[in-house]
Amino acid sequence: GSTFKPFTVSAALEENKVNTTETFLCTGHELVGGWTIPCHVKTGHGKLTIKEAIMQSCNPAMMQIAARMGVATFTEYQARFGFGAKTGIDLPGEEKGITIAPENMSVTDLATNSFGQNFNVTMVQLLSGFCSLINGGNYYQPHVVRRIEKADGEVVEKYDASLVRQTITESTSAIIRDALKATVDSGLAQRAKVQGYSIAGKTGTAQK
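The shown structure was predicted, so the numbers you read here are calculated from the model rather than taken from an experiment.

Student: Which residues make up the overall build of the protein chain, and what are the values?
Tutor: If you tally the helices and strands in the protein chain, you get six helices and eight strands. Traced from its N-terminal end to its C-terminal end, the protein chain shows the element sequence α-β-β-β-β-α-α-α-α-β-β-β-β-α. Taking 208 residues into account, the globule formula puts the C-alpha radius of gyration at 17 Å, and the protein chain, at 18 Å, falls close to it. Viewed in the frame of its principal axes, the protein chain has a C-alpha envelope of about 65 × 45 × 30 Å.

This is the structure:
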């Protein structure tokens, strides 16, 4: 669902397909590949910057942004953030999720993928990718266990932070952090506010 939207925006920023000052027009829907794909605001948001598009969770803005990138770039970033592959977390039965290969992705698939639908991810994938999205672009190997000790306290094995790859630049990460904070401060995620804390977040609705 819409928790994927910051990934779409960050990829476009990295590839210089969008900037923070331009606007995208939401009329309430987009016509893509013969399909009318709606926004959750049926009357449309009007003109939105990328920050406002995240804050208001606008589908048409995401579709327009993904169209600028194209299938090859979009799917490259999906993979870079770890979607479609096992994370290798120390838990049994991990699945790799279901993504669409670039050679099989239609313009309609690209449009719906841009706002987080028509592909499946695991919660561990989403959390791991999101951490890199907001921590400066550092994708770390996820772990549940920090260390294993014997009964006498002797450490048998220890798992230190292991950097796997860089997903985005710090400058892009800073833009996303700012947009996600604004989403909680004055956007659709205001219910996530906690008094005394500075919180960033993103709403998300999956559709089956």
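There is more to say, and it comes next.
Student: How would you summarise the side chain of Gln125 if you had to cite specific residues and measurements?
Tutor: Following the sequence through the fold, Gln125 ends up in helix 5 (residues 123-134). A relative accessible area of 0% places Gln125 in the buried class. Only 2.9 Å separates the side chain of Gln125 from the backbone oxygen of Lys96, close enough to count as a polar contact. In contact with Gln125, other than residues within four places in its own chain, are Gly82, Phe83, Gly84, Ala85, Thr87, Glu95, Lys96 and Gly97.

Student: An account of a nonpolar patch on the surface is requested, with residue identities and associated values reported.
Tutor: A grouping of Leu91, Val144, Val145, Ile148 and Val156 is seen on the molecular surface, where their side chains present a nonpolar patch of about 400 Å² in accessible area. Tracing the backbone shows Leu91 in the loop between helix 3 (59-80) and helix 4 (107-114). Under the relative-accessibility criterion, Leu91 is labelled partly exposed at 44%.

Student: So what about the packing of aromatic side chains? Which residues, and what values?
Tutor: Taken as a whole and judged by the stated rule, the model has seven aromatic pairs. A centroid spacing of 6.0 Å and a plane angle of 65° characterise the contact between Phe4 and Phe74, whose relative ring orientation is edge-to-face. With Phe4 in the segment before helix 1 (5-14) and Phe74 in helix 3, the pair connects residues that are 70 residues apart, well separated along the chain. We note that Phe4, like Phe74, is buried.

Student: Would you mind going over the nonpolar core in detail, with residue names and values included?
Tutor: The biggest cluster of nonpolar side chains holds 41 residues, and the ones touching the most others in it are Phe7, Val9 and Ile65. Listing elements by their share of this core, those giving two or more residues are helix 1, strand 1 (24-26), helix 2 (50-55), helix 3, helix 4, helix 5 and helix 6 (170-185). At nine residues, the largest contribution of residues to this core is made by helix 3. Every residue in contact with Val9, bar those within four places of it in the chain, is listed here: Val18, Ile50, Ile54, Met62, Ile65 and Ile176.

Student: Pulling in residues and values, what's your account of the environment of Leu127?
Tutor: Tracing the chain through its elements places Leu127 in helix 5. With 15 residues separating them in the primary sequence, Leu127 and Pro142 have C-alpha atoms 9.0 Å apart.

Student: Kindly report on the pairing of strand 2 (residues 29-32), identifying the contributing residues and their values.
Tutor: In strand 2, alternate side chains face the same way, and those of Glu30 and Val32 are buried while those of His29 and Leu31 on the opposite face are not. Remark: two residues form the turn of the hairpin made by strand 2 and strand 3 (residues 35-38), two consecutive strands paired antiparallel; Gly33 in that turn has positive phi of roughly 60°.

Student: I'd like a description of the pattern of salt bridges, backed by residues and values.
Tutor: Tallied over the full model, the rule gives eight salt bridges. Notably, a salt bridge pairs Arg80 with Glu76, separated by 2.7 Å at the nearest N-O pair. Here Arg80 and its partner Glu76 are both found in helix 3, four residues apart, which amounts to about one turn of the helix. For Arg80, a relative accessible area of 22% corresponds to the partly exposed category.

Student: Give a detailed account of the side chain of Ser128, specifying residues and quantitative values.
Tutor: Mapped onto the secondary structure, Ser128 falls in helix 5. Those residues in contact with Ser128 that sit more than four places away from it in its chain are Thr87, Tyr139 and Pro142.

Student: Can you tell me about helix 6, naming the residues and giving the values?
Tutor: In this model helix 6 runs 22 Å from its N-terminal to its C-terminal C-alpha over 16 residues, within 8% of the 22 Å that 1.5 Å per residue would give. Considered for burial, the residues of helix 6 that qualify are Thr172, Ser173, Ile176, Ala179, Leu180, Ala182, Thr183 and Val184.

Definitions and cut-offs
- Sequence order as written defines the numbering, with residues in each chain counted from 1.
- With the structure being a predicted model, the display of local features is reserved for residues of pLDDT at least 70 and the display and counting of side-chain atom pairs for 80 or more, all residues being used for whole-chain, interface and lining totals.
- As a rule here, side-chain values cover all heavy atoms of the structure and leave hydrogens and water aside.
- Each helix corresponds to a stretch of at least 4 residues labelled H or I by DSSP, and each strand to a stretch of at least 2 residues labelled E; elements are numbered beginning at the N terminus.
- In this setup the radius of gyration rests on C-alpha atoms only. A globule is expected at 2.2 Å times the number of residues raised to 0.38.
- Burial classes: relative accessible area under 20% of the type maximum marks a residue as buried, over 50% as exposed, and values in between as partly exposed (1.4 Å probe, protein chains only).
- Identification of polar contacts relies on pairs of N or O atoms within 3.5 Å, with a donor-acceptor requirement for protein atoms, meaning one able to donate a hydrogen and the other able to accept it, and with residues adjacent in sequence counted only if both atoms are side-chain atoms.
- Here, residues are in contact when the closest pair of their heavy atoms is within 4.5 Å.
- Patch members must show over 30% relative accessible area and no salt bridge, and they are joined within 9 Å when carrying like charges or within 5 Å when they are nonpolar side chains of Val, Leu, Ile, Met, Phe, Trp or Tyr.
- Only the protein chains shown count as cover for residues, and all accessible areas are computed by the Shrake-Rupley method using a 1.4 Å probe.
- Salt bridge, as used here, is a side-chain nitrogen of Lys or Arg placed within 4 Å of a carboxyl oxygen of Asp or Glu.
- Stacked, tilted and edge-to-face are the three classes applied to pairs of Phe, Tyr and Trp rings, where Trp contributes its six-membered ring and a pair requires centres within 6.5 Å; stacked means planes under 30 degrees apart, edge-to-face means over 60, and tilted covers the rest.
- Only buried residues count toward a nonpolar core, which is a set of Ala, Val, Leu, Ile, Met, Phe, Trp, Tyr and Cys residues joined through side-chain atoms within 4.5 Å.
- Paired strands are those between which DSSP finds at least two bridges.
- To estimate how far a helix should extend, the number of its residues minus one is multiplied by 1.5 Å.

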